[in-house]
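Chain by chain, the residues:
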Amino acid sequence: MLDSTEGYVTEDGRKIGGVVMEMKNITLRFGGVVAIKDISFDIREGEIRAIIGPNGAGKSSMLNVISGFYVPQEGEVWFHGSKRPPMRPFEVAQQGIARTFQNIALFEGMSVLDNVMTGRLNFMRTNMFQQAWWKGKAEAEEVANREAVEKIIDFLEIQHIRKTPVSRLPYGLKKRVELARALAAEPKLLLLDEPMAGMNVEEKEDMSRFILDVNDEFGTTIALIEHDMGVVMDLSDRVVVMDYGKKIGDGTPDEVRSNQDVIDAYLGVSHD
Amino acid sequence: MFYREAGDFKTSYVDDNQTFPIKFDRYRYYVVLAVAFGIIPFLINDYWANALLLPFLIYAIAAIGLNILVGYCGQVSLGTGGFMAVGAYACYKLMTAFPDVSMFIHVILAGGITAIVGVLFGLPSLRIKGFYLAVATLAAQFFLVWLFNRVPWFYNYSASGQINAPERDVFGIIITGPNAPAWATYLFCLIFLTICAIIARNLTRGTTGRTWMAIRDMDIAAEIIGVNPLKAKLTAFAVSSFFVGIAGALFFAVYLGAVEVGEVFGIQKSFLVLFMIIIGGLGSIFGSFAGAAFLVLLPVVLKVTGVDLLGWPTDIVAHLQLVIVGALIITFLILEPHGLAQLWRVAKEKLRLWPFPH
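Residues numbered from 1 in each chain as written. Chains lettered and ligands numbered in written order. Predicted model: local features only at pLDDT ≥ 70, side-chain atom pairs only at ≥ 80, totals over all residues.

Could you clarify how one ought to interpret the overall build of chain A in this entry?
Counting secondary structure elements, chain A contains ten helices and twelve strands. A globule of 272 residues ought to have a C-alpha radius of gyration of about 19 Å, and chain A, at 19 Å, matches this closely. Each principal axis of the C-alpha atoms in chain A carries an extent, and together these give about 75 × 40 × 40 Å. In chain A, which comprises 272 residues, the share counted as buried stands at 43%. Sequence-distant contacts in chain A: of pairs separated by 6 or more residues, those separated by 24 or more amount to 66%. (Helix = DSSP H or I, 4+ residues; strand = E, 2+ residues; numbered from the N terminus. Rg over C-alpha atoms; globule rule 2.2 N^0.38 Å. Buried ≥ 20, exposed ≤ 12 C-beta atoms within 10 Å, placed from the backbone. Contact = placed C-beta atoms within 7 Å.)

This is how it looks when you write it as structure tokens:
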């Protein structure tokens, strides 16, 4: 087992740092249904961490716990070395955790640019009176953040749809815009909930490339949920496997692949 | 052919962020401002001021206010009439308590007071939304009207229960009361409308506007990416009520001069302003202008054509107006939920490519 402060080196030679986020004995119940049962794992700085499992395993619930949308009944969430008190989702976002959604949750009535600019909220300091006046501070702030946003727009290659209303975009581009909005927050931890769901092979390849580039270029720590095993095994450094709310495996893709519990969960167990 | 952005290149984000990015629009805006400030005041008479211009200017302010709340922030409100009443009564109390202070300050303070009241009645929006919030604001509407009827302090214990605007001036020019010249009242309202529209535009194109629209489009996602829903909704209520309060103060002090609250600021007024933004276009400043102009003009046009030209009875024409407005609301809600502003936008898109279809 790794120490919480020391890192490790991945197969492809990237250096992974200490623990960014640690989940300790998380249990989440909805009435009588136990969605997550006593799960612990950590996410380290700079790594790509995947959470996988069959349908209904509690992966999305886990992500919702991390992003503050659900408050677990038991267990602790540690972020950057301190225990996180129960907080509202927007406070979690202010701490530097950004996410995308399984079903795209963009602001349909706004342009791509406005959507991505909304991701920069953490960097907006002017008050409403300054904004009402516009000239001066508000305008300077708008321009400064616009420059940062344009870098991300360039990075994700969505320059041509900058001013297009999001409602007019095809599915694959919407997913990319959502990633742009999350990246605009310059997150310390980026959560991706099924970033490749419903995509064809080319779109998946594009998205995989963007995820790797984001990790490479900005050093962003990424936690993702994905069903496409090929993608998961290729992208991620370490994988958590869940089944029926329990953790049944944790380790590098190779370790997980040879884990008997994981194989049983995915293929079923013969009862003869 | 002349309306296109080809060749109109932007080389800075400041240029790209301006209110009218297309040169033609910008020049048209300057022309409209020049005509409104420089030409109309010299041509105006009492009929034009009272039948068309003053109601248009004042309703446009109210419509911008309501549009911020409903169109930009997605919080349905049926309390506009009540909030206009707050503005009117606040202005009245200020005018009678401090006769020497400029009307400008009174109207702005009246807007501020309305903003506070608006925030109070906006508190339920943190818990409820949509239809249920509409009912909560409806309660505000009835409660406020009841309050101004029943508590004599608000109407200074006058025997009739009405409030009457005393004669007040700005820099020596009489603005309120029967002796106010038409050009002065017109300019006074126009200045407020211009400032309100600019403020609304600045807020909606910046951070505040984006948080409002984020809440409108998907409140859960908005919260998860860092929008504080409490702050976003309450600022929308505050700004919206500020504008609506200014509209109410002007409606009472400058336009009508005397007000009986139940009659003038009843539920009818709430619906009228709501219809304006539905017809004009939700989530559009231009739409607020278009809707206000349309619903102010419609009765006048109908009266001129129906009663004066065709000789129909007055009551038929009055009812016809209700029928037309009702039909239009349904048509717009089904066919073009974004109203006249969207029709205008589509027309511009077509015009850019004209005479080619694609």
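It is not clear to me how helix H1 (residues 59–66) of chain A should be interpreted in this structure. Could you clarify?
Residue pairs spaced three or four apart in an α-helix point in one direction, given the helix's 3.6 residues per turn. All names here are of chain A. The element H1 is largely enclosed, with a buried count of seven among its eight residues. Among the residues of H1, Lys59, Ser61, Met62, Leu63, Asn64, Val65 and Ile66 are the ones counted as buried. Two residues or fewer past H1, glycine 68 is found with a positive phi of approximately 85°.

Explain the sheet that holds strand E7 (residues 82–83) of chain A here, please?
Residues and elements named next belong to chain A. An order of E4-E3-E6-E7 is seen for the four strands of this open sheet, with the pairing classed as antiparallel. Each of the sheet's edge strands pairs with one partner strand only, and the pair in question is strand E4 (33–44) and E7. Bridging between strand E3 (residues 19–30) and E4 involves eight bridges; their strand directions are antiparallel. Paired with methionine 21 across the bridge in E4 is isoleucine 43. Along the sheet, H1 contacts E3, E4 and strand E6 (74–79); its crossing angle with E3, the most-contacted strand, is approximately 120°. (Pairing = 2+ DSSP bridges. Axes fitted to C-alpha atoms, helices over the stretch in contact; angles between N-to-C directions.)

Would you explain the packing of helix H5 (residues 137–155) of chain A against helix H6 (residues 171–184) of chain A in this entry?
The relative placement of two packed helices comes down to the angle between their axes together with the axis-to-axis distance. Residue and element names in this part refer to chain A. At a closest axis distance of 10 Å, the pairing of H5 and H6 adopts a crossing angle of 140°. Accordingly, the angle class assigned to the pair H5 and H6 is oblique. Of the two possible hands of crossing, H5 and H6 adopt the one that is right-handed. Packed against H5, whose contacting residues are Val149, Ile152 and Ile153, the element H6 presents Ala180, Leu183 and Ala184 at the interface. Residue composition of the contact of H5 with H6, grouped by class: six nonpolar, no polar and no charged. (Parallel < 35°, antiparallel > 145°, perpendicular 65-115°, else oblique. Left-handed = near helix turned anticlockwise from the far one by under 90°. Nonpolar A, V, L, I, M, F, W, Y, C, P; charged D, E, K, R; others polar.)

Before we go on, may I ask you to explain the interface of chain B and chain A in this structure?
How big an interface is tends to be expressed through the accessible area that disappears when the partners come together. Every contact between the two is made by 25 residues of chain B and, on the other side, 33 residues of chain A. At the level of elements, helix H1 (13–16), helix H7 (182–205), helix H8 (207–217) and helix H9 (219–224) of chain B are the ones that each hand at least two residues to the side of chain B that touches chain A.

Please clarify how the nonpolar core should be interpreted in this entry.
Buried together is how nonpolar side chains tend to be arranged in soluble globular proteins. The biggest cluster of nonpolar side chains holds 180 residues, and the ones touching the most others in it are B:Ile58, B:Ile61, B:Ala62, B:Ala88, B:Cys91, B:Ile246 and B:Leu250. Tallying contributions element by element places helix H10 (residues 229–256) of chain B first for this core, with 17 residues. (Core = buried A, V, L, I, M, F, W, Y, C linked by C-beta atoms within 7 Å.)

Sorry if this is basic, but what is going on with the pairing of strand E10 (residues 221–225) of chain A here?
Sheet faces and side chains relate simply in a regular strand, where the side chains alternate between the two faces. All names here are of chain A. With five of five residues buried, E10 is to be regarded as a mostly interior element. Here E10 shows a buried face lined by Thr221, Ala223 and Ile225 and a second buried face lined by Ile222 and Leu224. Pairing of strand E9 (residues 189–193) with E10, which is carried by five bridges, proceeds in the parallel orientation. Looking across to E10, one finds that aspartate 193 is bridged to isoleucine 225. Chirality of the crossover, the property in question, places the unit of E9, helix H7 (residues 201–218) and E10 among those that are right-handed. (Right-handed = clockwise from strand over helix to strand, strands pointing away.)

It is not clear to me how the environment of B:Thr185 should be interpreted in this structure. Could you clarify?
Residue and element names in this part refer to chain B. By secondary structure assignment, the location of threonine 185 is in helix H7. The class for threonine 185 is buried, based on 25 C-beta atoms found within 10 Å. C-alpha separation for the pair threonine 185 and alanine 49, spaced 136 residues apart in sequence, amounts to 8.2 Å. Once you skip the residues sitting within four places of it in the chain, threonine 185 turns out to touch Ala49, Leu54, Ile175, Ala180 and Val254.

Just to check I follow, could you spell out the confidence of the model for chain B for this structure?
Parts of the model with low pLDDT should not have their predicted coordinates read in detail. Residues with a pLDDT of 70 or more make up 98% of chain B, whose mean pLDDT is 90. Taken over the whole predicted complex, pTM reads 0.92, whereas the ipTM for its chain interfaces reads 0.91. (pLDDT = per-residue confidence, 0-100.)

Just checking my understanding: could you explain the domain arrangement of chain B for this structure?
All names here are of chain B. By domain assignment, chain B separates into domain 1 (1–11 + 19–38) and domain 2 (44–353). One C-alpha centre belongs to domain 1, the other to domain 2; they are set 27 Å apart. Tallied by class, the residues present in the side of domain 1 that touches domain 2 amount to three nonpolar, one polar and one charged. (Domains from an automatic or database assignment.)

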